[in-house]
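Read off the chains here:
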Amino acid sequence: MRIGILGSGVVGQALSRGYARHGHEARIGTRKSDVEGLPVGSPTEVVADADLVVLAVKGEAAVELVSGLAGELDGKVVVDTTNPLDFSSGGPGLFVGTTDSLGEQVQRAVPGARVVKAYNTVGNAHMVDPQLPGGPPTMFIAGDDDAAKATVTELLRATGWDVADLGGIQASRWLEAMCMAWVVYGAKNGTWDHAFRLLRPE
Ligand SMILES: NC(=O)c1ccc[n+]([C@@H]2O[C@H](COP(=O)([O-])OP(=O)(O)OC[C@H]3O[C@@H](n4cnc5c(N)ncnc54)[C@H](OP(=O)(O)O)[C@@H]3O)[C@@H](O)[C@H]2O)c1
(Lines give C-alpha, C1' and ligand atoms only; values in the text may rest on other atoms or scores of the structure.)
Protein backbone atom coordinates (compact mmCIF):
# COMPACT_ATOMS: atom_id res chain seq x y z
CA MET A 1 0.00 0.00 0.00
CA ARG A 2 1.14 3.58 -0.60
CA ILE A 3 0.87 5.24 2.79
CA GLY A 4 1.16 9.01 3.15
CA ILE A 5 2.04 10.22 6.62
CA LEU A 6 1.33 13.83 7.53
CA GLY A 7 3.85 14.92 10.15
CA SER A 8 7.56 14.24 10.58
CA GLY A 9 7.73 13.95 14.37
CA VAL A 10 8.58 10.75 16.24
CA VAL A 11 5.21 9.21 15.33
CA GLY A 12 5.56 9.95 11.61
CA GLN A 13 9.11 8.58 11.60
CA ALA A 14 8.27 5.43 13.58
CA LEU A 15 5.32 4.63 11.31
CA SER A 16 7.31 5.35 8.16
CA ARG A 17 10.08 2.94 9.17
CA GLY A 18 7.63 0.34 10.50
CA TYR A 19 5.40 0.33 7.42
CA ALA A 20 8.45 0.09 5.15
CA ARG A 21 9.55 -3.04 7.08
CA HIS A 22 6.20 -4.55 6.14
CA GLY A 23 6.66 -3.79 2.44
CA HIS A 24 4.50 -0.68 2.25
CA GLU A 25 5.58 2.39 0.31
CA ALA A 26 5.53 5.03 3.05
CA ARG A 27 6.22 8.71 2.46
CA ILE A 28 6.11 11.59 4.94
CA GLY A 29 4.25 14.76 3.96
CA THR A 30 6.06 17.59 5.68
CA ARG A 31 7.19 21.20 5.46
CA LYS A 32 10.78 19.95 5.84
CA SER A 33 13.06 19.00 2.96
CA ASP A 34 14.76 16.16 4.86
CA VAL A 35 13.63 13.89 7.69
CA GLU A 36 16.41 11.49 8.69
CA GLY A 37 16.80 10.31 5.08
CA LEU A 38 13.21 8.96 4.95
CA PRO A 39 11.09 9.43 1.79
CA VAL A 40 9.37 12.84 2.00
CA GLY A 41 7.26 15.18 -0.09
CA SER A 42 4.93 18.10 0.34
CA PRO A 43 1.71 17.26 2.20
CA THR A 44 -0.32 17.86 -0.96
CA GLU A 45 1.69 15.53 -3.21
CA VAL A 46 2.03 12.83 -0.57
CA VAL A 47 -1.73 12.77 0.11
CA ALA A 48 -2.62 12.84 -3.60
CA ASP A 49 -0.42 9.79 -4.16
CA ALA A 50 -1.55 7.75 -1.14
CA ASP A 51 -3.92 4.78 -0.82
CA LEU A 52 -4.15 5.52 2.89
CA VAL A 53 -3.23 8.67 4.84
CA VAL A 54 -2.01 8.86 8.44
CA LEU A 55 -2.43 12.14 10.30
CA ALA A 56 0.46 12.48 12.76
CA VAL A 57 0.82 16.19 13.51
CA LYS A 58 0.68 18.20 16.70
CA GLY A 59 -2.92 18.19 17.95
CA GLU A 60 -3.40 21.92 17.66
CA ALA A 61 -2.32 21.88 13.98
CA ALA A 62 -4.52 18.94 12.93
CA VAL A 63 -7.77 20.67 11.90
CA GLU A 64 -6.09 23.49 10.00
CA LEU A 65 -3.81 21.09 8.14
CA VAL A 66 -6.56 18.71 7.00
CA SER A 67 -8.86 21.61 6.11
CA GLY A 68 -6.22 22.84 3.67
CA LEU A 69 -6.05 19.37 2.07
CA ALA A 70 -9.80 18.69 1.93
CA GLY A 71 -9.86 18.21 -1.85
CA GLU A 72 -6.98 15.74 -1.84
CA LEU A 73 -8.38 13.85 1.18
CA ASP A 74 -11.82 13.35 -0.35
CA GLY A 75 -12.71 9.63 -0.26
CA LYS A 76 -9.43 8.61 1.43
CA VAL A 77 -9.02 6.61 4.59
CA VAL A 78 -7.39 8.96 7.12
CA VAL A 79 -5.94 7.35 10.23
CA ASP A 80 -5.99 9.98 12.97
CA THR A 81 -3.23 9.41 15.55
CA THR A 82 -3.51 12.86 17.12
CA ASN A 83 -4.25 13.83 20.69
CA PRO A 84 -5.52 17.26 21.76
CA LEU A 85 -2.74 17.71 24.30
CA ASP A 86 -2.69 21.02 26.14
CA PHE A 87 0.30 22.02 28.30
CA SER A 88 -0.86 25.60 28.87
CA SER A 89 -1.51 25.06 32.57
CA GLY A 90 1.64 23.09 33.35
CA GLY A 91 0.82 19.38 33.36
CA PRO A 92 -0.79 17.78 30.33
CA GLY A 93 -4.53 18.15 29.77
CA LEU A 94 -6.83 18.02 26.74
CA PHE A 95 -8.02 21.10 24.84
CA VAL A 96 -11.24 19.34 23.83
CA GLY A 97 -13.13 16.51 25.48
CA THR A 98 -16.25 14.76 26.79
CA THR A 99 -18.72 16.54 24.48
CA ASP A 100 -16.44 16.71 21.42
CA SER A 101 -13.03 15.39 20.39
CA LEU A 102 -10.19 16.10 18.02
CA GLY A 103 -11.15 12.99 16.03
CA GLU A 104 -14.63 14.44 15.48
CA GLN A 105 -13.21 17.88 14.64
CA VAL A 106 -10.93 16.32 12.02
CA GLN A 107 -13.84 14.35 10.52
CA ARG A 108 -16.03 17.48 10.42
CA ALA A 109 -13.21 19.46 8.76
CA VAL A 110 -12.96 16.88 5.95
CA PRO A 111 -16.43 15.34 5.63
CA GLY A 112 -15.46 13.54 2.41
CA ALA A 113 -12.60 11.69 4.11
CA ARG A 114 -13.10 8.42 6.04
CA VAL A 115 -11.45 9.14 9.37
CA VAL A 116 -10.42 6.31 11.69
CA LYS A 117 -8.98 7.15 15.10
CA ALA A 118 -6.10 4.79 15.95
CA TYR A 119 -2.58 4.73 17.45
CA ASN A 120 -3.38 7.52 19.94
CA THR A 121 -3.30 5.26 23.02
CA VAL A 122 0.26 3.93 22.67
CA GLY A 123 3.79 5.34 22.45
CA ASN A 124 5.50 5.67 19.08
CA ALA A 125 8.12 3.03 19.94
CA HIS A 126 5.42 0.33 19.95
CA MET A 127 3.19 1.48 17.10
CA VAL A 128 4.45 -1.17 14.68
CA ASP A 129 5.32 -4.70 15.81
CA PRO A 130 4.80 -4.12 19.55
CA GLN A 131 6.81 -6.60 21.59
CA LEU A 132 5.45 -6.63 25.12
CA PRO A 133 5.25 -9.32 27.78
CA GLY A 134 1.74 -10.83 27.82
CA GLY A 135 1.21 -10.87 24.06
CA PRO A 136 -0.13 -8.39 21.56
CA PRO A 137 -1.67 -5.25 23.06
CA THR A 138 -5.01 -3.90 21.87
CA MET A 139 -5.39 -0.99 19.48
CA PHE A 140 -8.68 0.76 20.08
CA ILE A 141 -10.16 2.34 16.96
CA ALA A 142 -13.20 4.47 16.15
CA GLY A 143 -14.71 5.77 12.92
CA ASP A 144 -17.96 6.16 11.02
CA ASP A 145 -16.98 4.18 7.90
CA ASP A 146 -16.95 0.39 8.35
CA ALA A 147 -14.95 -0.29 5.18
CA ALA A 148 -12.28 2.20 6.30
CA LYS A 149 -12.12 0.53 9.70
CA ALA A 150 -11.76 -2.87 8.00
CA THR A 151 -8.75 -1.56 6.04
CA VAL A 152 -7.16 -0.13 9.18
CA THR A 153 -7.90 -3.29 11.16
CA GLU A 154 -6.14 -5.39 8.50
CA LEU A 155 -3.11 -3.09 8.60
CA LEU A 156 -3.01 -3.19 12.40
CA ARG A 157 -3.35 -6.97 12.65
CA ALA A 158 -0.59 -7.43 10.08
CA THR A 159 1.67 -5.22 12.20
CA GLY A 160 1.22 -7.00 15.50
CA TRP A 161 -2.01 -5.70 17.04
CA ASP A 162 -5.19 -7.02 18.53
CA VAL A 163 -7.94 -4.56 17.50
CA ALA A 164 -11.04 -3.36 19.37
CA ASP A 165 -13.58 -1.23 17.51
CA LEU A 166 -15.39 1.25 19.76
CA GLY A 167 -17.88 2.34 17.08
CA GLY A 168 -18.35 5.73 15.45
CA ILE A 169 -15.86 8.61 15.43
CA GLN A 170 -17.66 10.06 18.47
CA ALA A 171 -15.87 7.41 20.56
CA SER A 172 -12.69 9.45 19.96
CA ARG A 173 -13.81 11.36 23.06
CA TRP A 174 -12.99 8.32 25.14
CA LEU A 175 -9.90 7.28 23.17
CA GLU A 176 -8.39 10.73 23.68
CA ALA A 177 -9.18 10.48 27.38
CA MET A 178 -7.49 7.04 27.42
CA CYS A 179 -4.37 8.71 26.10
CA MET A 180 -4.26 10.74 29.30
CA ALA A 181 -4.37 7.54 31.41
CA TRP A 182 -1.42 6.26 29.35
CA VAL A 183 0.51 9.54 29.79
CA VAL A 184 -0.21 9.86 33.52
CA TYR A 185 0.88 6.25 34.18
CA GLY A 186 4.07 6.85 32.20
CA ALA A 187 4.92 10.09 34.01
CA LYS A 188 4.27 8.52 37.43
CA ASN A 189 6.39 5.44 36.72
CA GLY A 190 9.03 6.90 34.40
CA THR A 191 8.31 4.38 31.64
CA TRP A 192 6.86 4.73 28.15
CA ASP A 193 6.83 1.05 27.22
CA HIS A 194 3.31 0.21 28.35
CA ALA A 195 0.19 -0.47 26.31
CA PHE A 196 -3.45 -1.36 26.90
CA ARG A 197 -4.84 -4.85 26.40
CA LEU A 198 -8.54 -5.68 26.37
CA LEU A 199 -9.39 -9.06 27.92
CA ARG A 200 -12.70 -10.40 26.66
CA PRO A 201 -14.44 -13.68 25.93
CA GLU A 202 -13.69 -15.11 22.46
N1 LIG B 1 4.76 10.84 20.60
C2 LIG B 1 4.03 9.75 20.77
O3 LIG B 1 4.54 8.69 21.16
C4 LIG B 1 2.56 9.79 20.46
C5 LIG B 1 1.77 8.67 20.76
C6 LIG B 1 0.43 8.67 20.39
C7 LIG B 1 -0.12 9.78 19.76
N8 LIG B 1 0.67 10.88 19.51
C9 LIG B 1 0.08 12.01 18.81
O10 LIG B 1 0.59 11.95 17.47
C11 LIG B 1 0.78 13.26 16.93
C12 LIG B 1 2.24 13.42 16.47
O13 LIG B 1 3.05 13.34 17.60
P14 LIG B 1 4.65 13.50 17.54
O15 LIG B 1 5.11 13.23 18.93
O16 LIG B 1 5.21 12.75 16.41
O17 LIG B 1 4.94 14.99 17.17
P18 LIG B 1 4.37 16.44 17.57
O19 LIG B 1 5.47 17.23 18.13
O20 LIG B 1 3.10 16.32 18.38
O21 LIG B 1 4.00 16.97 16.12
C22 LIG B 1 5.06 17.18 15.20
C23 LIG B 1 4.52 17.35 13.83
O24 LIG B 1 3.46 18.31 13.83
C25 LIG B 1 3.58 19.08 12.65
N26 LIG B 1 3.17 20.46 12.93
C27 LIG B 1 3.40 21.20 14.03
N28 LIG B 1 2.87 22.43 13.88
C29 LIG B 1 2.30 22.46 12.65
C30 LIG B 1 1.59 23.43 11.91
N31 LIG B 1 1.35 24.64 12.42
N32 LIG B 1 1.14 23.10 10.67
C33 LIG B 1 1.37 21.87 10.16
N34 LIG B 1 2.05 20.90 10.82
C35 LIG B 1 2.49 21.19 12.04
C36 LIG B 1 5.03 19.06 12.24
O37 LIG B 1 4.96 18.97 10.83
P38 LIG B 1 6.20 19.12 9.83
O39 LIG B 1 6.66 17.75 9.54
O40 LIG B 1 5.63 19.80 8.64
O41 LIG B 1 7.23 19.96 10.56
C42 LIG B 1 5.61 17.87 12.93
O43 LIG B 1 5.86 16.86 12.05
C44 LIG B 1 0.39 14.24 18.05
O45 LIG B 1 -0.93 14.66 17.84
C46 LIG B 1 0.49 13.38 19.32
O47 LIG B 1 -0.38 13.83 20.35
C48 LIG B 1 1.98 10.90 19.86
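One can find the structure itself at the top, above this paragraph.
Residues take numbers from 1 onward in each chain, read along the sequence in its written order. Only residues with pLDDT of at least 70 get local features here, since the model is predicted, and only at 80 or more are side-chain atom pairs given and counted; chain-wide, interface and lining totals rely on the full set of residues. Only hydrogens and water are removed before side-chain values are computed, so all heavy atoms of the structure are retained for them.

Colleague: Any chance you could break down the overall build of the protein for me, citing the residues and the numbers?
Modeller: Elements are defined by DSSP. Helices are runs of H or I of four residues or more, strands are runs of E of two residues or more, and each kind is numbered from the N terminus. A tally of regular secondary structure across the protein gives seven helices and ten strands. We compute the radius of gyration from the C-alpha atoms alone; for a globule the expected value is 2.2 Å times N to the 0.38, where N is the number of residues. The C-alpha radius of gyration computed for the protein amounts to 16 Å, which stays within 12% of the reference 17 Å derived for 202 residues, consistent with globular compactness. Two residues form a contact once any of their heavy atoms are found within 4.5 Å. Here the analysis covers contacts within the protein between residues at least 6 apart in sequence; of these, 66% occur between residues at least 24 apart. In short, Shrake-Rupley with a 1.4 Å probe defines the accessible areas, and a residue's cover is counted only from the protein chains shown. Put simply, the protein shows about 9,400 Å² of open surface, and 52% of that area lies on carbon and sulfur atoms. Charged-residue counts in this description rest on Lys and Arg as positive and Asp and Glu as negative, His and the chain ends being excluded. For this purpose, a charge sits on NZ of Lys, CZ of Arg, CG of Asp or CD of Glu. A distance of 3 Å separates the average location of the 17 positive side-chain charges in the protein from that of its 24 negative side-chain charges.

Colleague: Explain unusual backbone geometry to me, using residue names and the numbers behind them.
Modeller: Negative phi characterises most residues that are not glycine, and trans characterises most peptide bonds. Its identity as a non-glycine residue notwithstanding, Tyr119 has a phi of 70°, on the positive side. In this fold, Tyr119 is placed in the loop between strand 8 (114-117) and strand 9 (138-143). One non-glycine residue with positive phi stands out, namely Asp129, at about 55°. Within the fold, Asp129 resides in the loop between strand 8 and strand 9.

Colleague: Residue-level account of the side chain of Asn120, with values.
Modeller: In this structure, Asn120 sits in the loop between strand 8 and strand 9. Note on exposure labels: buried denotes an accessible area under 20% of the residue type's maximum, exposed denotes more than 50%, and partly exposed covers the range between, all computed with a 1.4 Å probe on protein chains only. On the basis of relative accessibility, which here comes to 3%, the residue Asn120 falls in the buried class. Here a polar contact means two N or O atoms within 3.5 Å. Within protein one must be a hydrogen donor candidate and the other an acceptor candidate, and residues neighboring in sequence count only if both atoms are side-chain atoms. A polar contact is formed between the side chain of Asn120 and the side chain of Asn83, at a distance of 2.9 Å.

Colleague: So what about the environment of Ala56? Which residues, and what values?
Modeller: Take Ala56: it is sitting in the loop between strand 4 (52-55) and helix 3 (62-68). On the accessibility criterion, Ala56 (11% relative accessible area) is buried. Counting along the chain gives 23 residues from Ala56 to Val79, while the straight-line C-alpha distance between them is 8.6 Å. Setting aside its immediate chain neighbours within four residues, Ala56 contacts Ile5, Leu6, Gly7, Val11, Gly12 and Thr81.

Colleague: Quick one: what's the story with the pattern of salt bridges, residue by residue and with numbers?
Modeller: For this document, the term salt bridge refers to a Lys or Arg side-chain nitrogen within 4 Å of an Asp or Glu carboxyl oxygen. The full count for this structure, using the stated rule, is 13 salt bridges. Bridged by salt links that share partners, the residues Arg2, Arg27, Glu45, Asp49 and Asp51 form one connected network.

Colleague: Can you lay out the layout of surface pockets for me, pointing to particular residues and giving the numbers?
Modeller: Whether a set of points on the 1 Å grid over the protein atoms alone is a cavity depends on a 1.4 Å probe fitting there but being unable to get out, while an open set qualifies as a pocket with protein on both sides within 12 Å along at least five of seven lines; lining residues are those with an atom within 4 Å of a point. Grid points are joined across faces, edges and corners, and a volume is the space filled by probe spheres set on the points. Empty space within the largest pocket amounts to approximately 860 Å³. The wall of the largest pocket is formed by 32 residues, among which Gly9, Ala56, Val57, Lys58 and Gly59 lie closest to the centre. For the lining of the largest pocket, the secondary-structure elements that each account for two or more residues are helix 1 (10-21) and helix 7 (172-189). A total of three residues in the lining of the largest pocket trace back to one element, the largest contributor, which is helix 7.

Colleague: Please provide a residue-by-residue account of the site of the ligand, values included.
Modeller: Neighbouring residues of the ligand: 22 residues in total, closest Ser8, Val11, Thr30, Val57 and Asn124. Lys58 places a main-chain nitrogen or oxygen 3.0 Å from an oxygen atom of the ligand. One nitrogen or oxygen atom from the main chain of Asn83 is found 3.3 Å from an oxygen atom belonging to the ligand. Protein contact buries 76% of the 880 Å² of open area that the ligand shows by itself. A cavity or pocket is said to hold a molecule if more than half of that molecule's atoms lie within 2 Å of its grid points. Here the ligand occupies the largest pocket. Here the shell around the ligand is composed, by residue class, of eight nonpolar, eleven polar and three charged. A molecule or strand has a residue near it when one of that residue's heavy atoms lies within 4 Å. Residue type decides the class: Asp, Glu, Lys and Arg count as charged, Ala, Val, Leu, Ile, Met, Phe, Trp, Tyr, Cys and Pro as nonpolar, and the leftover types, Gly among them, as polar.

Colleague: I'd like a rundown of the sheet that holds strand 2 (residues 25-29), residues and numbers included.
Modeller: Only strands joined by at least two bridges in the DSSP assignment are considered to pair. Strand order in the open sheet made by the eight strands is 3-2-1-4-5-8-9-10, with mixed pairing throughout. Each edge of the open sheet is held by one strand with a lone partner, namely strand 3 (40-41) and strand 10 (162-165). Pairing of strand 1 (residues 2-6) with strand 2 involves five bridges; the strand directions are parallel. For Leu6, the partnering residue across the bridge sits in strand 2 and is Gly29. Helix 7 contacts strand 8 and strand 9 of the sheet and is inclined by roughly 145° relative to strand 9. Angles shown run from 0 to 180 degrees and are taken between the N-to-C directions of axes, each axis being a line fitted to C-alpha atoms and, for helices, limited to the stretch in contact.

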